Amino acid sequence: MIKVLVWCENIQNKTQDDVKAAYPEGMHNTIADFLAKDSNISVETATLDDPNCGITEERLSKTDVVLWWGHVGHGQVPDDIVELLYKYVVNKGMGIICLHSSHFAKIFKRLMGTSCSLQIPPPGHGAEKLWTLLPGHPIAAGIPNPVDIEIEECYNEFFDIPQPDELVFNAAFSNCGSFRGGAAYHRGRGKVFYFQPGHETYPIYRQKEIQDIIFNAVYWANNKTRGQ
Ligand code: ZN
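Just so we're clear, the structure is a prediction, and the values are computed from it rather than from any experiment. (Residues numbered from 1 in each chain as written. Predicted model: local features only at pLDDT ≥ 70, side-chain atom pairs only at ≥ 80, totals over all residues. Heavy atoms only, no water.)

## Examining the overall build of the chain
The cut-off we apply is this: Secondary structure is summarised from DSSP: a helix means a run of H or I of at least four residues, a strand means a run of E of at least two, and numbering begins at the N terminus for each. Taken over C-alpha atoms, the radius of gyration is set against a globule rule of 2.2 Å times the number of residues to the power 0.38. Categorising residues by exposure relies on relative accessible area from a 1.4 Å probe, with only protein chains included: less than 20% of the type maximum marks a residue as buried, more than 50% marks it as exposed, and the intermediate range marks it as partly exposed. Contacts are assigned to residue pairs with any non-hydrogen atoms lying within 4.5 Å of each other.
Of regular secondary structure, the chain possesses six helices and nine strands. For 228 residues, the compact-globule estimate of 2.2 N^0.38 gives 17 Å, and the chain sits close to it at 16 Å. Each of the three principal axes of the chain carries a C-alpha extent, and together these read 45 × 40 × 35 Å. Here the chain holds 228 residues, and 57% of them are scored as buried. By sequence separation, contacts in the chain at least 24 residues apart represent 72% of the contacts at least 6 residues apart.

## What to know about the state of the cysteines
In plain terms, the rule: When two cysteine sulfur atoms are found within 2.5 Å, that pair is recorded as a disulfide.
A full pass over the atoms with the stated rule returns one disulfide. Disulfide pairing places Cys-154 opposite Cys-176 at an S-S distance of 2.0 Å. Negative torsions about the S-S bond denote left-handed disulfides, and the value of about 40° found for Cys-154 with Cys-176 makes this one right-handed. With Cys-154 in the loop between strand 6 (147-153) and strand 7 (166-173) and Cys-176 in the loop between strand 7 and strand 8 (178-187), the pair connects residues that are 22 residues apart, well separated along the chain.

## Brief notes about helix 6 (residues 208-221)
Worth spelling out the cut-off: One fewer than the residue count of a helix, multiplied by 1.5 Å, yields its expected span.
Here helix 6 spans 20 Å end to end across 14 residues, near enough to the 20 Å set by a 1.5 Å rise per residue. Among the 14 residues of helix 6, ten are classified as buried, and the element is accordingly described as predominantly covered. Of the positions making up helix 6, those classed as buried are Ile-210, Gln-211, Ile-213, Ile-214, Phe-215, Asn-216, Ala-217, Val-218, Trp-220 and Ala-221.

## Quick look at helix 2 (residues 27-35)
Note that an α-helix has 3.6 residues per turn; residues three or four places apart therefore point the same way. Here helix 2 lies mainly inside the structure; seven of its nine residues are buried. What helix 2 keeps buried is the set Met-27, His-28, Thr-30, Ile-31, Ala-32, Phe-34 and Leu-35. Residues of helix 2 that are buried sit in contact with strand 1 (2-8), strand 2 (41-47), strand 3 (65-69), strand 4 (95-99) and helix 6.

## Description of the coordination of the zinc ion
Here is the rule we go by: Coordinating N, O and S atoms are those within 2.8 Å of the metal (3.2 Å for Na, K and Ca), and as water is not part of the atoms, a site may appear to have fewer donors than expected.
For the zinc ion, the full set of protein donor atoms is His-100 (NE2), Glu-153 (OE) and His-199 (ND1), at a range of 2.0 to 2.1 Å. Sequence spacing among the residues donating to the zinc ion works out to H-x52-E-x45-H. Taken together, the residues His-100 in the loop between strand 4 and helix 5 (106-112) and His-199 in the loop between strand 9 (190-195) and helix 6 connect sequence positions 99 residues apart. Accessibility classification places His-100 together with His-199 in one group, the buried group.

## Things to note about the pairing of strand 4
What counts is decided by this rule: Criterion used throughout: strands pair if DSSP finds at least two bridges between them. When the strands point away from the viewer, a crossover counts as right-handed if the route from the first strand across the helix to the second turns clockwise.
In terms of burial, strand 4 is largely enclosed, as five of its five residues are buried. For strand 3 and strand 4, the ladder comprises five bridges, and the chain directions are parallel. Across the sheet, residue Trp-69 finds its bridge partner in strand 4, namely Leu-99. What joins strand 3 to strand 4 is helix 4 (residues 79-90), and the crossover it makes is right-handed.

Following this line, the structure appears as structure tokens:
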């Protein structure tokens, strides 16, 4: 059983109506619900609004893979929580998947050691084609090439990340540009995957191919030797 913790800002409660329309139940619950359909995966959720962000040592000791979606509240995640997550990835082999605007999450920046800044050029939003660069990679298994996303926020290079250990996907946007949209890293004993799709006003986490990539990433990031 892979024990997954889905962490999100509870953004649908606080922001504009188009976020509420895309994820009325909360993005963390949308992601948790599709993951829970796999009988090999058990899922819990936590949000920024929970005490201690819902992150404790006891909880991480029972977690194989964390999914992290943050946006406007990156600065509200206490540094001691970031260090705890970092320790569990690097020293204890917990996997972490950082989604979309989590390129600026404190934990992602801590794991990368760079600014993780990027460009959002005008018009800001467009159709996306997610191209597979490594068809033999476990995260790309069974994924059509390309994956078409009807509309998404444009993320553009330059993306200030270290050279990925494995660059699995590249994102190409109509009228915008190009972005390293699926980047895999090894950090100490743990694995890290950054995955670009998932702006909060578009129902991208309901799309089958995106869900399949996240499933693959969970299986890839899970360290089978943990707990032995
Ligand atoms: Zn966004």
